[in-house]
Amino acid sequence: MKTVLVTGGAGFIGSNFIHLMLKKHPDYKIINVDALTYAGNLENLKSVENNPNYTFIKADIRDAGTIGAIFDKYPIDTVVNFAAESHVDRSITDPQIFLTTNILGTQVLLDAAKAHWKLAPDDKYSRDYKDGVRFHQVSTDEVYGALGKTGMFVETMPLSPNSPYSSSKASADLIVRAYHETFGLPVSTTRCSNNYGPYQFPEKLIPLMINNCLTDKALPVYGDGMQIRDWLHVEDHCEAIDTVIHKGKVGEVYNVGGNNEKANIEIVRLIISTIGKSEDLIKYVKDRPGHDRRYAIDNTKITTQLGWKPKYTFEQGMKETIAWYLDNRKWVDNIVSGSYQKYYAEMYK
Ligand code: NAD
Ligand code: TYD
């Protein structure tokens, strides 16, 4: 029996994680804390909203008072921190919120966990915590920076982030590490490559291209389209996090990736051909400033030490994902029209 605080659970990966946890661990309680920013969409969780093991609380992770009260009220023993500003392009136009949410929000959560889990909370030298507690930070491979044509990211590499988004995530990783080193807080971190799958906000490459293809809009490819990302199905990422919170060693970082390097233009072409549209829709546009050329994850540590491995091949995962967006046009339409926010804004005023 566990009580898991999932932050950012109304977003893409967090909502997939909640679905997985409720199915896989029917004796766990899940508390979803989400501020419902533009990226938070409770429609992702409609099918579980009446599940007695699921509770939603609209709250901002930067709000220490509210986060403390949630820890007072529920017997939380695990935190999985997904809450973040997550889009690189937005971090280029408006960096500040990336720093406050991704860095300070993480520190607020760490403080609340420390205060509630420490056996002698007022003793600054004590490193004893309640049994079985764990703070898990969901990070990204982007903290390592960019690769050239060869090489892969390994956990021991120095962090070298290039965008305001990735530098804010790297900062959060370091604060998580500091709470472990200084205070002995039981933490773990996963750094995953690019995810795809159901419920991804249609500003990210794959859902954007699928939606534009379906509506015959131009497909904006940045620069030469030869940037490489290492794609993983979201369910495989969620399984990896579940593995690490149960079996991962405290204080460790685990890379998560499925050895699926693809150039952006290959992905765009695959979507066009699967949907049956013309490549004339492709529009090469000005490159993203500071655009990382290549990401590639070495997943040896998690596969050999914890026995995790991806279940999806890229071909099967993309086939199912494109089919999901075709079957769920209304989900995307509600985002494009903005109605997803109006409905829940009324409910959680
Ligand atoms: P997302 O943008 O879809 O969801 C983020 C969620 O966090 C939203 O529901 C939003 O409402 C919530 N949120 C934002 N600010 C908040 C705040 N101040 N307080 C409470 N909630 C807040 O993001 P995602 O793609 O699901 O990513 C989730 C996590 O995984 C992020 O930490 C991201 O850095 C990491 N990650 C993402 C990918 C990817 O490919 N998408 C890959 C590796 C790691
Ligand atoms: P994105 O989904 O934003 O993820 P990230 O920047 O975190 O990797 O973008 C994936 C890749 O696709 C990245 O190299 C930028 C590129 N891209 C485009 O070419 N056009 C687009 O419209 C978008 C959103 C992304």
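Presented here is an overview of the structure given in this document.

Reading the values: rules and limits
- Residues numbered from 1 in each chain as written.
- Chains lettered and ligands numbered in written order.
- Predicted model: local features only at pLDDT ≥ 70, side-chain atom pairs only at ≥ 80, totals over all residues.
- Heavy atoms only, no water.
- Near = heavy atom within 4 Å.
- Polar contact = N/O pair within 3.5 Å; in protein donor to acceptor, adjacent residues only side chain to side chain.
- Helix = DSSP H or I, 4+ residues; strand = E, 2+ residues; numbered from the N terminus.
- Nonpolar A, V, L, I, M, F, W, Y, C, P; charged D, E, K, R; others polar.
- Axes fitted to C-alpha atoms, helices over the stretch in contact; angles between N-to-C directions.
- Parallel < 35°, antiparallel > 145°, perpendicular 65-115°, else oblique.
- Left-handed = near helix turned anticlockwise from the far one by under 90°.
- Contact = heavy atoms within 4.5 Å.
- Phe/Tyr/Trp six-rings, centres within 6.5 Å; stacked < 30°, edge-to-face > 60°.
- Buried < 20%, exposed > 50% of the residue type's maximum accessible area, 1.4 Å probe, protein only.
- Lys NZ or Arg CZ within 6 Å of the ring centre and 35° of its normal.
- Pairing = 2+ DSSP bridges.
- Areas by Shrake-Rupley, 256 points an atom, 1.4 Å probe, with all protein chains shown as cover.
- Salt bridge = Lys/Arg side-chain N within 4 Å of Asp/Glu carboxyl O.
- Core = buried A, V, L, I, M, F, W, Y, C linked by side-chain atoms within 4.5 Å.

## Considerations on the site of ligand 1
And step 1. In the neighbourhood of ligand 1, 29 residues make up the surrounding shell, with I13, D34, S86, Y165 and K169 lying closest.
And step 2. The backbone of F12 places a nitrogen or oxygen atom 3.0 Å from an oxygen atom of ligand 1.
And step 3. Note that an oxygen atom of ligand 1 is positioned 2.6 Å from one of the side-chain N or O atoms of K169.
And step 4. In terms of residue count, strand β5 (residues 134-140) provides more of the shell around ligand 1 than any other element does, 3 residues in total.
And step 5. Its residues assigned to classes, the shell around ligand 1 comprises 14 nonpolar, 11 polar and 4 charged.

## Digging into the packing of helix α4 (residues 96-117) against helix α5 (residues 164-183)
And step 1. At a closest axis distance of 8 Å, the pairing of α4 and α5 adopts a crossing angle of 20°. It follows from the interaxial angle that α4 and α5 lie roughly parallel. Considering the relative orientation of α4 and α5, their crossing is right-handed. Packed against α4, whose contacting residues are F98, L99, N102, I103, T106, Q107, L110, D111 and K114, the element α5 presents Y165, S168, K169, S171, A172, I175, V176, Y179 and F183 at the interface.
And step 2. Residue composition of the contact of α4 with α5, grouped by class: 10 nonpolar, 5 polar and 3 charged.

## Comments concerning the packing of aromatic side chains
And step 1. Under the definition given, this model contains 15 aromatic pairs.
And step 2. An angle of 55° between the planes, with centres 5.2 Å apart, marks the rings of F17 and F82 as tilted. Placement of the pair is F17 in helix α1 (residues 12-24) and F82 in the loop between β4 (78-81) and α3 (88-93), with a sequence separation of 65 residues.
And step 3. For the ring pair Y325 and W331, a centre distance of 6.2 Å and an interplane angle of 70° mean the geometry is edge-to-face. Both residues of the pair, Y325 and W331, count as buried.
And step 4. Three or more aromatic residues link up through ring pairs in this structure, and these residues are Y199, W324, Y325 and W331.
And step 5. Against the face of Y38 rests R90, its NZ or CZ located 3.4 Å from the ring centre.
And step 6. Lying over the aromatic face of F183, K114 brings its terminal NZ or CZ to 4.5 Å of the ring centre.

## With respect to the sheet that holds β4
And step 1. The parallel open sheet is built from 7 strands, whose spatial order is β3-β2-β1-β4-β5-β6-β11. In the strand order of this sheet, the two ends are held by β3 (54-58) and β11 (253-256), each with one partner. Here the strands of the sheet are splayed against their neighbours by 20° on average, with no regard to which way each runs.
And step 2. Looking at chain direction, strand β2 (residues 29-34) and β3 are connected through 5 bridges and run parallel. By the bridge assignment, I31 is partnered in β3 with T55.
And step 3. Along the sheet face, α1 touches β1 (3-7), β2, β3 and β4 and points at about 170° away from the line of β2.

## Some thoughts on the site of ligand 2
And step 1. Around ligand 2 sit 17 residues in total, of which E142, P220, R229, R288 and H291 are the nearest.
And step 2. One of the side-chain nitrogen or oxygen atoms of R229 is found 2.8 Å away from an oxygen atom of ligand 2.
And step 3. When ligand 2 is considered free in solution it has 510 Å² of accessible area, and contact with the protein chains removes 96% of it.
And step 4. Of all the secondary structure elements, the ones that give two or more residues to the shell around ligand 2 are α6 (205-214) and β8 (219-222).
And step 5. Residues belonging to the shell around ligand 2 are distributed by class as follows: 7 nonpolar, 5 polar and 5 charged.

## Looking at the pattern of salt bridges
And step 1. Applying the stated rule across the entire model yields 13 salt bridges.
And step 2. As a salt-bridge pair, K277 and D216 come within 3.0 Å of each other at their nearest N and O atoms. In this pair, K277 sits in the loop between α8 (264-275) and β13 (282-285) while D216 sits in the loop between α6 and β8, placing the two residues 61 residues apart along the sequence.
And step 3. Between R294 and E261 there is a salt bridge, with its nearest N and O atoms 2.8 Å apart. Taken together, the residues R294 in the loop between β13 and α9 (300-306) and E261 in strand β12 (residues 261-263) connect sequence positions 33 residues apart.

## Details of the nonpolar core
And step 1. Among the nonpolar cores identified, the biggest contains 55 residues, and F17, Y54 and I271 are the most heavily contacted of them.
And step 2. If sequence neighbours within four positions are ignored, I271 has contacts with I206, M209, I210, C213, M318 and I322.
And step 3. Membership of the second largest hydrophobic core comes to 26 residues, among which are I70, F71, I76 and V176.

## So, the side chain of N102
And step 1. Looking at the secondary structure, you find N102 in helix α4.
And step 2. Judged by its relative accessible area of 2%, N102 falls in the buried class.
And step 3. Each residue touching N102, except ones within four places of it in the same chain, is listed here: A84, E85, I97, Y165, S168, K169 and A172.

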